[in-house]
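Survey of secondary and tertiary structure
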Amino acid sequence: MTQKKNQINARQSKQIAGALALASCGLFATSGHATELSKKADDWKVDAALMYYGEQDRVQAVEAIGTAQKAFGDDSVLDLKLVVDSLTGASASGAVAQSTSQTFTRPSGNGQYSVAAGDTPLDDTFHDTRVQGSVNWAQALNSDWKVNAGVYGSKEFDYMSMGLNASIERGFNKDNTTLFLGTAYSFDVVDPVGGRPVDLSSMAVRDNFASEAAYRTAFDATRQSGSDNKQTADVMLGITQVLSQRWLLQANYGLSSVNGYLTDPYKVLSVVDNNGITQDLLYESRPDSRLKHSFYVMTKGALDAGVVDFSYRYNTDDWDLTSHTLETHYRYYFTGNFYGQLHLRYYQQTAANFYQPFLMADTPLPEFASADYRIGDMSAYTIGIKFGHRLSGGHEMSYRLEYYQQDPKNNGTTIPGELQNFDLFPTQKAITAQFSYSF
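The rules we used
- Within every chain, residues take consecutive numbers counted from 1 along the sequence as written.
- The predicted origin of the model limits local features to residues at a pLDDT of at least 70 and limits the giving and counting of side-chain atom pairs to 80 or more, whereas totals for whole chains, interfaces and linings rest on all residues.
- Side-chain measures here rest on the full set of heavy atoms in the structure, leaving out hydrogens and waters.
- By this definition, two strands are paired if DSSP reports at least two bridges between them.
- The way it works is that DSSP assigns letters per residue, a run of H or I at least four long becomes a helix, a run of E at least two long becomes a strand, and they are numbered from the N terminus.
- For this analysis, a salt bridge means a side-chain nitrogen from Lys or Arg found within 4 Å of a carboxyl oxygen belonging to Asp or Glu.
- Any residue under 20% of the maximum accessible area for its type is buried, any over 50% is exposed, and the rest in between are partly exposed; the area is computed with a 1.4 Å probe on protein chains only.
- Side-chain rings of Phe, Tyr and Trp, where Trp is taken by its six-membered ring, are said to pair if the distance between their centres is within 6.5 Å; with planes under 30 degrees apart they count as stacked, over 60 as edge-to-face, and otherwise as tilted.
- Only Lys NZ and Arg CZ are tested; either one counts as a charge over a ring when it is within 6 Å of the ring centre and within 35 degrees of the ring normal.
- By the convention used here, residues are in contact when the closest approach between their heavy atoms is within 4.5 Å.

As a further point, take the sheet that holds strand β15 (residues 278-283). Think of a sheet as strands paired side by side through backbone hydrogen bonds, with each pair either parallel or antiparallel. Strand order across the open sheet formed by three strands is β15-β14-β20, with mixed pairing between neighbours. Where the open sheet ends on each side, the last strands, each with one partner, are β15 and β20 (359-360). Of the pairings in the sheet, the one linking strand β14 (residues 268-272) to β15 comprises five bridges and is antiparallel in character. Residue pairing in the sheet places Val 272 in a bridge with Thr 278 of β15.

Applying the stated criterion across every chain, the model contains 15 salt bridges. The closest approach of N and O atoms between Arg 196 and Asp 228, which form a salt bridge, is 3.4 Å. Taken together, the residues span a long stretch of sequence, with Arg 196 in strand β10 (residues 196-197) and Asp 228 in strand β12 (residues 228-242) at a distance of 32 residues. For Arg 196, a relative accessible area of 8% translates into the label buried. Note on Asp 228: relative accessible area 24%, which makes it partly exposed. Of the charged contacts in the structure, one is a salt bridge between Glu 284 and Arg 286, with a shortest N-O distance of 2.5 Å. Judged by relative accessible area, which is 8%, Arg 286 ranks as buried. Salt bridges here are not isolated pairs; linked through shared partners, they connect Asp 264, Glu 284, Arg 286, Asp 372 and Arg 374.

Right, let's talk about the environment of Tyr 261 for a bit. Here Tyr 261 is to be found in the loop between β13 (247-260) and β14. In this structure Tyr 261 comes out as buried when scored by relative accessible area, which is 7%. Along the sequence, Tyr 261 and Gln 434 sit 173 residues apart, while their C-alpha atoms lie 34 Å from each other.

Once that is clear, we can look at the packing of aromatic side chains. If you walk through the whole model with that rule in mind, you get 15 aromatic pairs. With a centroid separation of 5.5 Å and 35° between ring planes, the pair formed by Phe 72 and Trp 137 is classed as tilted. Placement of Phe 72 in strand β2 (residues 60-72) and of Trp 137 in strand β6 (residues 122-140) is noted, with a sequence separation of 65 residues between them. Here Phe 72 falls in the partly exposed class, since its relative accessible area comes to 34%. With a centroid separation of 6.1 Å and 40° between ring planes, the pair formed by Tyr 215 and Phe 219 is classed as tilted. Residue Tyr 215 and its partner Phe 219 are both found in helix α3 (residues 212-221); the two are separated by four residues, about one turn of the helix. Residue classification places Phe 219 among the buried residues on the basis of a relative accessible area of 2%. Three or more aromatic residues joined by ring pairs form one cluster here, namely Tyr 330, Tyr 332, Phe 334, Phe 338 and Phe 387. Seen from the ring of Tyr 261, Arg 196 lies directly overhead, with NZ or CZ sitting 5.8 Å from the centre.

To continue, consider the environment of Phe 187. If you trace the backbone, Phe 187 turns up in strand β9 (residues 177-190). Sequence spacing of Phe 187 and Lys 300 is 113 residues, and the spatial spacing of their C-alpha atoms is 34 Å. Ignoring anything within four residues of it in the chain, the contact list for Phe 187 reads Met 160, Ser 161, Met 162, Asn 229, Lys 230 and Gln 231.

Right under this line is the structure:
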């Protein structure tokens with residue numbers, strides 16, 4: 001669990017990169033893993049992974065992940081992580097398909113690209129490289145209290161993020177009950193290619209102007225100078241309860257407050273008439289604050305020849321976007337050194353209150369609007385398998401393959417005219433493949 005370089009989509013890059021690392025990256029680093037690690041010898045433990053993520057006809061990503069952990073005695077652990085990923089491919093702009101070809105201006109303003117009749121508008125110049133690093137320190141103060149603190153940073157062509165996190169953990173009832181309190185803060189700087197578009201301003205297309213000078217004047221009028229930023233503050237409260245020798249239960253509540261520049265500078269909306277024909281293209285606009293709540297419950301059990309877990313997560317926010325996630329992993333040990341794992345996940349969300357697949361030319365402009373399908377109605381599922389092989393000397397190799405399908409849906413909008421001839425909510429499919437080696 002992010003775009004850029006050449007006219008890219010910074011915000012989508014961050015989301016995709018976050019999705020790639022979802023299984024290995026969490027906002028809060030609890031000391032539970034550190035406690036387990038500290039029981040091992042005072043030595044470095046290194047994990048390396050190479051991951052491929054590919055969407056059908058869209059984004060492709062290759063990611064290298066490296067972690068190094070060292071225990072110091074029985075009460076402290078240092079955890080280092082480095083992630084480098086490269087993303088290329090096509091990114092949906094938010095505009096709707098038309099019965100004739102369409103021309104769009106690239107985010108930099110230098111050049112344009114065309115989309116064939118009937119095709120979903122995609123900008124195929126999407127390309128970026130992201131580097132992310134984090135350092136965490138876990139410390140057991142005594143048999144009951146543990147603390148954790150860390151720093152994080154990532155850099156992309158037009159997006160930079162820096163963050164801090166800290167947590168405290170308290171054990172009760174002979175460590176059968178554990179309470180957890182964590183907090184995190186991040187500061188992000190957004191510096192889009194070509195500058196930040198003025199909210200809901202019209203895209204200037206070179207072909208519509210008699211001269212290059214007139215076009216540049218019109219394009220510059222849609223831009224705001226300088227970068228902008230956003231700040232995110234998170235708090236999480238959790239409890240873990242041992243139910244029996246084989247089962248435990250975990251529950252968390254999270255609160256997240258985001259303020260600042262939340263608009264995606266590379267997304268647009270089509271303005272159409274009653275016949276569904278595009279009359280204008282506007283840059284999107286989103287609120288500058290967002291308050292999110294999350295509730296999570298998970299149970300995990302040890303079986304005779306494996307381990308299984310079941311979890312449910314509910315998210316809601318003041319954008320009226322709500323989601324439900326059901327997930328399970330089942331790991332079966334064929335032998336003491338070889339295992340297979342099944343992963344199933346189902347996700348469903350309702351649209352944000354300002355999501356619109358397009359705007360109508362005969363209605364007043366709203367204050368906020370976005371056609372980004374990622375904040376629209378959708379459902380999605382993941383099916384994955386993983387195999388791991390423990391080698392001599394404590395080494396381990398694992399292989400993971402997953403299929404992901406996302407099904408955007410109409411949020412009740414009436415589709416006018418010729419737009420009924422096109423699939424405005426196309427299914428998205430992706431494959432993830434990963435090879436990992438631990439030593």
